[in-house]
Amino acid sequence: MEDHPFVDLKIDPQEFLDEMDGRTLCPMCGKSRKYYCYTCYVPVQGIEHKIPKVKLPFKIDIIKHPSECDGKSTSGHARVIAPDDVTIYTYPCIPDYPDRDRVVLLFPGDGSINMETLAEKFSPGVNNNRQKDISREDKRSDTSEEITENPCLVKSVPKGDDPYNGAHKDSSSSLDRTPATEDELDQKSATSVSDNILQADTDIPHLKDVNTVNRKRKHSLDGEVVKRSKLISEVKPPFDRVIIIDSTWNQTKRISSDERLKGLTCVELKTRHSNFWRHQKDLPPTYLSTVEAIYYFVRDYHDVFVTSGDTLEYDGRYDNLLFLFTYMYNKIKKMYNGRRNLKAYQQREEKVKSENKA
């Protein structure tokens with residue numbers, strides 16, 4: 001087990017879980033549970049308001065194999081953290097999907113596609129956002145430089161009688177620099193050379209005309225920002241519901257081949273390594289637990305379809321999906337002396353050694 005695999009995640013404080021003494025009753029069924037009830041999928045009494053809640057951008061249906069142990073499955077983590085968006089069904093129970101075109105199945109296979117391919121196929125405009133942003137910024141930078149080359153800014157004041165020559169020099173030198181951010185570009189467009197001169201003397205007719213043109217230019221640029229934000233927000237994913245299978249790999253094939261799931265678009269994740277402490281024997285570490293699969297699916301979705309303001313940076317809004325998972329990881333790691341006493345990891349190390357010898 002890694003020392004600090006979740007250091008970059010924005011996880012809420014978990015200390016209150018360490019302070020819990022023994023088991024507590026489930027507020028719904030009354031059974032004795034630890035942390036949360038894996039039957040009702042709710043936190044136990046006393047910590048209902050301390051467990052974080054996450055809002056997802058779509059609905060998730062988990063189809064759980066009947067032999068999957070409720071107390072050991074991580075599907076309950078997702079249901080507890082995102083109760084409004086995650087539903088768990090026990091196979092063979094599968095809900096009806098009238099609009100199957102809006103449903104995707106998270107399952108790797110020969111016909112599966114990744115999130116980028118899904119976007120190109122059904123929402124082609126989403127992949128052009130970044131390039132459009134870059135081209136617009138280039139055009140706006142060129143427009144700002146044209147302001148300094150406008151002859152009206154130099155010739156509007158008689159030579160030798162310009163008490164504001166210093167202001168013009170400073171402003172043009174700052175405009176020659178390439179703006180680091182879009183906000184800086186907007187600010188420089190708004191406080192151009194003509195504005196700086198007119199602040200000192202608004203009685204110069206030629207400069208009044210330049211100021212009017214410049215203000216119109218700024219309004220146009222502001223409108224372009226609004227237009228671009230609207231363009232980005234209108235890009236919609238081609239699905240609003242995701243089906244995830246919760247079972248061992250051998251059991252998964254039985255569920256995925258069910259007639260009720262045939263014909264659905266299958267999506268696969270980017271390759272990630274699992275931190276699950278219940279590794280399945282003879283399977284690589286890229287096989288994720290259920291809650292990990294949900295988390296990384298949402299991350300892939302965010303990277304392709306969602307923007308935050310004027311950037312494409314992920315802001316940690318879904319990290320708490322792993323709130324219970326990360327807590328249990330650290331607890332088990334401590335309990336089993338890092339990993340050395342954990343049987344699953346011993347089996348994996350033995351397999352790696354045998355492969356290296358071969």
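**Describing the pairing of strand S6 (residues 86–90)**
Moving on, step 1. Pairing of strand S5 (residues 59–64) with S6, which is carried by 5 bridges, proceeds in the parallel orientation. Looking at the pairing, Asp 61 lines up with Thr 87 of S6.
Moving on, step 2. The parallel pair S5 and S6, bridged by helix H2 (residues 75–81), forms a crossover whose chirality is right-handed.

**Comments concerning the pairing of S5**
Moving on, step 1. Burial of S5 is extensive: 5 of the 6 residues sit out of reach of the surface.
Moving on, step 2. Relative to strand S8 (residues 241–246), S5 runs parallel, the two being bridged by 6 bridges. The residue of S8 that forms the bridge with Lys 64 is Asp 246.

**Some thoughts on helix H12 (residues 323–335)**
Moving on, step 1. Over its 13 residues, H12 runs 19 Å from end to end, which matches the ideal 18 Å to within 8%, given 1.5 Å per residue.
Moving on, step 2. Those residues of H12 lying buried are Phe 323, Leu 324, Phe 325, Thr 326, Tyr 327, Tyr 329, Ile 332 and Lys 333.
Moving on, step 3. Tucked inside the fold, the buried residues of H12 contact helix H1 (15–18), strand S3 (36–37), H2 and helix H11 (290–305).

**Considerations on unusual backbone geometry**
Moving on, step 1. The peptide bond linking Tyr 91 to Pro 92 adopts the cis configuration, its omega dihedral lying at 20 degrees.
Moving on, step 2. Tracing the chain through its elements places Pro 92 in the loop between S6 and strand S7 (103–106).
Moving on, step 3. For Tyr 35, which is not glycine, the phi torsion reads 75 degrees and is therefore positive.
Moving on, step 4. Mapped onto the elements of the fold, Tyr 35 is located in the loop between strand S2 (32–33) and S3.
Moving on, step 5. On the basis of relative accessible area, Tyr 35 is assigned to the buried category, the value being 8%.
Moving on, step 6. A positive phi angle, near 60 degrees, is found at Tyr 41, a position not held by glycine.
Moving on, step 7. Position of Tyr 41 among the secondary structure elements: in the loop between S3 and strand S4 (42–43).
Moving on, step 8. Judged by its relative accessible area of 16%, Tyr 41 falls in the buried class.

Definitions and limits used
Residues numbered from 1 in each chain as written. Predicted model: local features only at pLDDT ≥ 70, side-chain atom pairs only at ≥ 80, totals over all residues. Heavy atoms only, no water. Pairing = 2+ DSSP bridges. Helix = DSSP H or I, 4+ residues; strand = E, 2+ residues; numbered from the N terminus. Right-handed = clockwise from strand over helix to strand, strands pointing away. Buried < 20%, exposed > 50% of the residue type's maximum accessible area, 1.4 Å probe, protein only. Expected span 1.5 Å × (residues − 1). Contact = heavy atoms within 4.5 Å.

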